[in-house]
Amino acid sequence: MTSPRANRPLLEVDGLRVEFPTRRGTLVAVDGVSFHIDPGEVLGVVGESGAGKSLTGAAIIGLIEPPGRIAGGRVTLDGRRIDDLPYEEMRRIRGRQIGAVFQDPLTSLNPLYTIGRQLVETICTHLDVTPQQARARAITLLQEVGITAAERRIDHYPHQFSGGMRQRVVIALALCANPRLIIADEPTTALDVSIQAQIIALLKKLCREHGAAVMLVTHDMGVIAETADRVAVMYAGRIAEIGPVRDVIKRPKHPYTIGLMGSIPTIGRNVERLTQIDGAMPRLDAIPPGCAFNPRCPKAFDRCRGERPEAMAIEHGQVACWLYANGRMGER
Amino acid sequence: MSEAARAVPAAANGPLLAVRDLARYFDVSRPLLNRLIEGDRRQILKAVDGVSFAIARGQTLSLVGESGCGKSTVARLIVGLYTPTRGTIDFEGVDLAGLSRTALAPIRRRFQMIFQDPYASLNPRWRVADIIAEPIRAHGLIAGADAVRLRVDELLRHVGLAPNDGDKYPHEFSGGQRQRISIARALSSNPDFLVCDEPTSALDVSVQAQILNLMKALQREFGLTYLFISHNLAVVYYVSDRVGVMYLGRLVELAEAKTLFARPQHPYTRMLLDAIPDLEMSGRARIPVAGEVPNPLAPPTGCAFHPRCPWANERCRSERPELKATPTGAAACHAVEERRLPDARVVAPPALPS
Amino acid sequence: MATTSRDLARPPTRNALRRALDSDIFYSFRRSPVVVAAAIVTLICFIGAVCAPWLAPHNPFDLKTLNLIDAFTPPAWMDEGTRKFLLGTDDQGRDVLSTIMYGARISLAVGFFSVLFAMTLGVSLGLISGYVGGALDAFIMRVADVQLSFPAILIALLIDGLARTTLPRDVHDRVIVYVLILAIGITGWVQYARTVRGSTLVEKNKEYVQAARVIGRHPVAIMARHVLPNVMGPVLVIATINLAIAILTEATLSFLGVGVPPTQPSLGTLIRVGNDFLFSGEWWITIFPGAALVVMVLAVNLLGDWLRDALNPKLR
């Protein structure tokens, strides 16, 4: 690996399981997900809708909506277990140590307060500063996220900002208390392409400067390729493959990742027909036994249908696929 | 019957669809009373303002642009969901804009639309077979319930579904399957022309590939002509023969797809191309373009793109450029016309004056 | 059961039944004992009222069977009571239980048909208002606003009074039930119209309606076949709750003496007539019809409340 793991990782997720009890039985939305994020690292979590990627992020910051609940596994931040903390303590960790950026900037900002008030309140909650200092810090943050005339704009309401500018404000809000980890859930999905590029560049730059690690949840491989150091590919609530971003994109191992990469149209690549994965991701109430991908997998064999593959170590990462069991490299 | 209808001799070699100076304004003023009391002026949103293009039979023209550029409004104008404020829409030489609802009916059969949101485009209370058969019944194309059902079964197979899926309701299907149903409905009246408004942007990538492959296969099989609306340039590259780039209600560049992506002319096209995340990980340094799309209610003077354009000069700020032929196609840009621009994707633009 | 190949291709109705029994609505129904009880009570009231001629122990309007000697008999469990008249008799010797059943029949009929009338009127106007928009929409909605500024009972009284003064007495007595249906129905349409208009404004911009427009369907067909089925959910909720209100309005009018005449009494008429004897000791003549009214209205209301919650995904 390029960056040797100096000390312990910043975030460790081990066997995370998120369940939704319904009257027709319990749905397992996240099933045995394990990964870690090193300090200052950007981990991309990619997957199609319903893969459980957003829920994984929500579980880490303790924002699973009831009746959903964390049913197993542990989440450790900086050596401290955080998945079983009472609400009040978790609230203090949110914002102070973990910042969050969501898809829709409108839901992250209270429309009734000026952005300045929201920034100052957040800063005062988490840091020991006077309101004047907090305001000064808020202005600095707004300048950092690229809002011109921050001294004036700080007293504006969220609706006076455009979508891209609002997302910048949300990033400033997430950075208020200098958190060590930022969870960004589809931060660019609601934005236009040109704005998307601006926000990605901004997120990268700020995390480098502040030394924050990022868990970037998105469905867009392009965003991951631009931003992440490592990437975890999720399918039906499980991690199919995890590894350095270049390896996963250029030389995907899991048949799902291979299909996913082939199905993305690319400018300059002239193909008559895109690779397609037939079928659709199973509903949560109908996840097949064995490997969840086996009904759609062109290489599935008997073992895939009966036995669930655990993450198996390969060169730089891990892949949950029987094709790679016992050191085999993708051969049956 | 449909053979006879197809054999319209007029303009057989001309484009299937030609749009000239198409415009649609929306009155978004506040109510009269508020305007009188608060002294507001009338506010007119020029969603589409003078767009012209033509689509040859069997080809795909794509319109791309960011939200609010008017590309969806163009789609809705062509299928008749909006009436144009100005301009003509010629379908095989017949101007649709002047026709009444009844006069339009026989032509309607020949163009259909595929919508963006597969969860909203199918009536949740109808069975799939009825949804697909709606155009057949509305135009009285096939007589007899059994014959209609046979046709529906055939359409379901065409789009990769099973005939007994016709008895289910839309909520029993995934997003990709619903989009297949939507396509089957569009095909049921044997159309020549399909308007596809962001047909895959609500779908996951692996499903998007299925739908794009299906649409291309159907185009070959039935000789369909597509107007494809999308904000995803990679998808547009994959499906299109020609591409039009829109910005604030106007077409800024129009060219063959391969040419447009290889040698973009208009600065906005260049910016769009540069903004696409690089999946090839070539390490190409991207220059994120500053600024955002301006308020369409108060568009900038001259060229609407000038506040964000690194090459804008005095002429760009005062005089609106028209779409003019270039070596690669057509572009609406003074800088392109005056050959002030460096070759595309080679030289970095000068820094924006702040 | 003979099954043809055609039946195999179509899902049998058993499927539809199973789907209904498996649905979330039925589930939430089963889960709430109060709602089940309300449904049973409503059903009993409904059957008792509709089948009164066959189920009632006496025909209180058959003068041949009436005997003034039976007048003022108290309920069966009291000292002077007899099992012949379970809930006692009134001043003319009519069996109170039977008059309640016949009265509920009229109350329910007036309630049901006035709701149906209000619903038809309101849904049509709301649909047109929302789908067509423009000046027509503004006009219909202003009319609704004006009507809302009057209390419903006032409008019902107005229409009823109008009919009373313009029609001859005998004609009036014959058509009074229809007049009541009209009067109560007119007071209720606004709520449907507003609700349907709101939902129509949402639905008409959905892509399936636009798809139908692209296909070239006639606007009336789009309204009836596409929009209408998708705006009916909240309408059913309002209709259920309004059924209770309509029954009460009818009872109020009859209690005030402007409703159905005592020769064909509804529950409201019975309460009014019995009211005179309340303080002379014959309490059962008014209390039992009153109790029947309360139970019926309460049960229907509970059903309506449940339906509203069950159909509203936000509250689930």
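Residues numbered from 1 in each chain as written. Chains lettered and ligands numbered in written order. Predicted model: local features only at pLDDT ≥ 70, side-chain atom pairs only at ≥ 80, totals over all residues. Heavy atoms only, no water.

### Some thoughts on the overall build of chain B
Link 1 in the chain: For chain B, the helix and strand inventory stands at 13 helices and twelve strands.
Link 2 in the chain: Principal axes of the C-alpha set define a box for chain B whose edges measure 70 × 60 × 45 Å.
Link 3 in the chain: Taken over 354 residues, chain B has a buried fraction of 55%.
Link 4 in the chain: Within chain B, residue pairs in contact and separated by at least 24 positions form 68% of the contacts whose partners lie at least 6 positions apart.
Link 5 in the chain: Total accessible area computed for chain B in this model is approximately 14500 Å², and 54% of it derives from carbon and sulfur atoms.
Link 6 in the chain: The centroid of the 43 positive side-chain charges in chain B is displaced by 2 Å from the centroid of its 37 negative side-chain charges. (Helix = DSSP H or I, 4+ residues; strand = E, 2+ residues; numbered from the N terminus. Buried < 20%, exposed > 50% of the residue type's maximum accessible area, 1.4 Å probe, protein only. Contact = heavy atoms within 4.5 Å. Areas by Shrake-Rupley, 256 points an atom, 1.4 Å probe, with all protein chains shown as cover. Lys, Arg positive; Asp, Glu negative; His and termini not counted. Charge placed at Lys NZ, Arg CZ, Asp CG, Glu CD.)

### Side note on the side chain of A:Glu48
Link 1 in the chain: You can see A:Glu48 is positioned in the loop between strand S3 (42-46) and helix H1 (53-60).
Link 2 in the chain: For the buried A:Glu48, which has no salt bridge, the nearest side chain bearing the opposite charge is A:Arg296, at an N-O separation of 4.5 Å.
Link 3 in the chain: Here the side chain of A:Glu48 touches A:Tyr256 through a polar contact of 2.7 Å, side chain to side chain.
Link 4 in the chain: With near-sequence residues (within four places) excluded, A:Glu48 lies in contact with A:Lys53, A:Tyr256, A:Leu260, A:Met281, A:Arg296, B:Asp204, B:Val205, B:Ser206 and B:Val207. (Salt bridge = Lys/Arg side-chain N within 4 Å of Asp/Glu carboxyl O. Polar contact = N/O pair within 3.5 Å; in protein donor to acceptor, adjacent residues only side chain to side chain.)

### Focus on the packing of helix H6 (residues 96-132) of chain C against helix H11 (residues 219-255) of chain C
Link 1 in the chain: Where H6(C) meets H11(C), the axes come as close as 7 Å, and the angle between the chain directions of the two elements is 145 degrees. H6(C) and H11(C) meet at a crossing whose hand is right-handed. (Axes fitted to C-alpha atoms, helices over the stretch in contact; angles between N-to-C directions. Left-handed = near helix turned anticlockwise from the far one by under 90°.)

### Overview of the packing of aromatic side chains
Residues and elements named next belong to chain B.
Link 1 in the chain: For the structure shown, the criterion picks out 14 aromatic pairs over all chains.
Link 2 in the chain: Between Phe91 and Phe193, the aromatic rings sit 6.3 Å apart at their centres with planes inclined by 50 degrees, giving tilted as the arrangement. Taken together, the residues span a long stretch of sequence, with Phe91 in strand S4 (residues 86-91) and Phe193 in strand S7 (residues 193-197) at a distance of 102 residues.
Link 3 in the chain: Looking at Phe91, the relative accessible area reads 2%, which means it is buried. (Phe/Tyr/Trp six-rings, centres within 6.5 Å; stacked < 30°, edge-to-face > 60°.)

### Looking at the sheet that holds strand S3 (residues 60-64) of chain B
Residues and elements named next belong to chain B.
Link 1 in the chain: On the basis of which strands lie adjacent, the open sheet formed by eight strands has the order S6-S7-S8-S3-S9-S10-S12-S11 and mixed pairing. Edge positions in the open sheet fall to strand S6 (111-114) and strand S11 (324-325), since each of these has one partner strand only.
Link 2 in the chain: Bridge count between S6 and S7: four bridges; the pairing is parallel. When the sheet's bridge partners are listed, Gln112 is paired in S7 with Leu194.
Link 3 in the chain: Along the sheet, helix H7 (residues 175-187) contacts S6 and S7; its crossing angle with S6, the most-contacted strand, is approximately 170 degrees. (Pairing = 2+ DSSP bridges.)

### Thoughts on helix H8 (residues 152-166) of chain C
Link 1 in the chain: Counted at 1.5 Å a residue, the expected span for H8(C) with its 15 residues is 21 Å, and the 21 Å between its end C-alpha atoms agrees.
Link 2 in the chain: The inward-facing, buried residues of H8(C) contact helix H7 (134-148), helix H9 (169-204) and H11 of chain C. (Expected span 1.5 Å × (residues − 1).)

### Regarding the domain arrangement of chain B
Link 1 in the chain: According to the domain assignment, chain B contains domain 1 (2-18 + 55-240) and domain 2 (267-279 + 294-349).
Link 2 in the chain: In this structure, domain 1 of chain B and domain 2 of chain B have C-alpha centres spaced 33 Å apart. (Domains from an automatic or database assignment.)

### What about the interface of chain B and chain A?
Link 1 in the chain: Taken residue by residue, the interface counts 42 residues in chain B and 43 residues in chain A.
Link 2 in the chain: Joining chain B to chain A, the criterion identifies two salt bridges.
Link 3 in the chain: Taken together, the connections running from chain B to chain A amount to eleven residue pairs in polar contact (both at pLDDT 80 or more).
Link 4 in the chain: A per-class count over the side of chain B that touches chain A returns 22 nonpolar, nine polar and eleven charged. (Nonpolar A, V, L, I, M, F, W, Y, C, P; charged D, E, K, R; others polar.)

### Examining the confidence of the model for chain C
Residues and elements named next belong to chain C.
Link 1 in the chain: A residue-level look at chain C finds 91% of positions with pLDDT of 70 or above and a mean pLDDT of 83.
Link 2 in the chain: Within chain C, helix H1 (residues 5-9) has the poorest average pLDDT of any element, 36, and H6 the best, 92.
Link 3 in the chain: Contacts of residues 1-13 to residues separated by more than four positions or lying in other chains number eight contacts, the stretch itself having pLDDT below 50.
Link 4 in the chain: Scoring the predicted complex yields pTM 0.84 and, for the interface, ipTM 0.83. (pLDDT = per-residue confidence, 0-100.)

### With respect to helix H6 (residues 145-158) of chain B
Residue and element names in this part refer to chain B.
Link 1 in the chain: Compared with an ideal rise of 1.5 Å per residue, which puts 14 residues at 20 Å, H6 spans 20 Å between its outermost C-alpha atoms and is within 8% of the ideal.
Link 2 in the chain: For H6, the complete set of buried residues consists of Val148, Arg149, Arg151, Val152, Asp153, Leu155 and Leu156.
Link 3 in the chain: Contacts made by the buried residues of H6 are with helix H5 (128-139) and H7.
Link 4 in the chain: Where H6 ends, the next residue or the one after it, Gly160, has phi of about 85 degrees, a positive value.

### Some words on the sheet that holds strand S4 (residues 69-77) of chain A
Residues and elements named next belong to chain A.
Link 1 in the chain: Read across the sheet, four strands follow the order S2-S1-S4-S5 without closing on themselves; strand pairing throughout is antiparallel. In this open sheet, the two strands that pair with only one neighbour each are strand S2 (25-37) and strand S5 (80-81).
Link 2 in the chain: For S4 and S5, the ladder comprises two bridges, and the chain directions are antiparallel. Bridged to Leu77 within S5 is Arg80.

### Some thoughts on the state of the cysteines
Link 1 in the chain: The tally for this structure, following the rule as stated, stands at zero disulfides over all chains.
Link 2 in the chain: No disulfide involves A:Cys304; its sulfur sits 6.0 Å from that of A:Cys321, the nearest cysteine. (Disulfide = S-S within 2.5 Å.)

### Points about unusual backbone geometry
Link 1 in the chain: Looking along the chain, the bond that leaves A:Pro66 and enters A:Pro67 is cis, with omega of 10 degrees.
Link 2 in the chain: The topology assignment puts A:Pro67 in the loop between H1 and S4.
Link 3 in the chain: The phi angle at A:Asn178 is positive, at roughly 55 degrees, despite the residue not being glycine.
Link 4 in the chain: One can find A:Asn178 in the loop between helix H7 (163-175) and strand S7 (181-185).
Link 5 in the chain: Residue classification places A:Asn178 among the partly exposed positions, given a relative accessible area of 39%.
Link 6 in the chain: The phi dihedral of B:Arg339 is positive, around 55 degrees, even though this residue is not glycine.
Link 7 in the chain: With respect to the element layout, B:Arg339 can be found in the segment after helix H13 (334-337).

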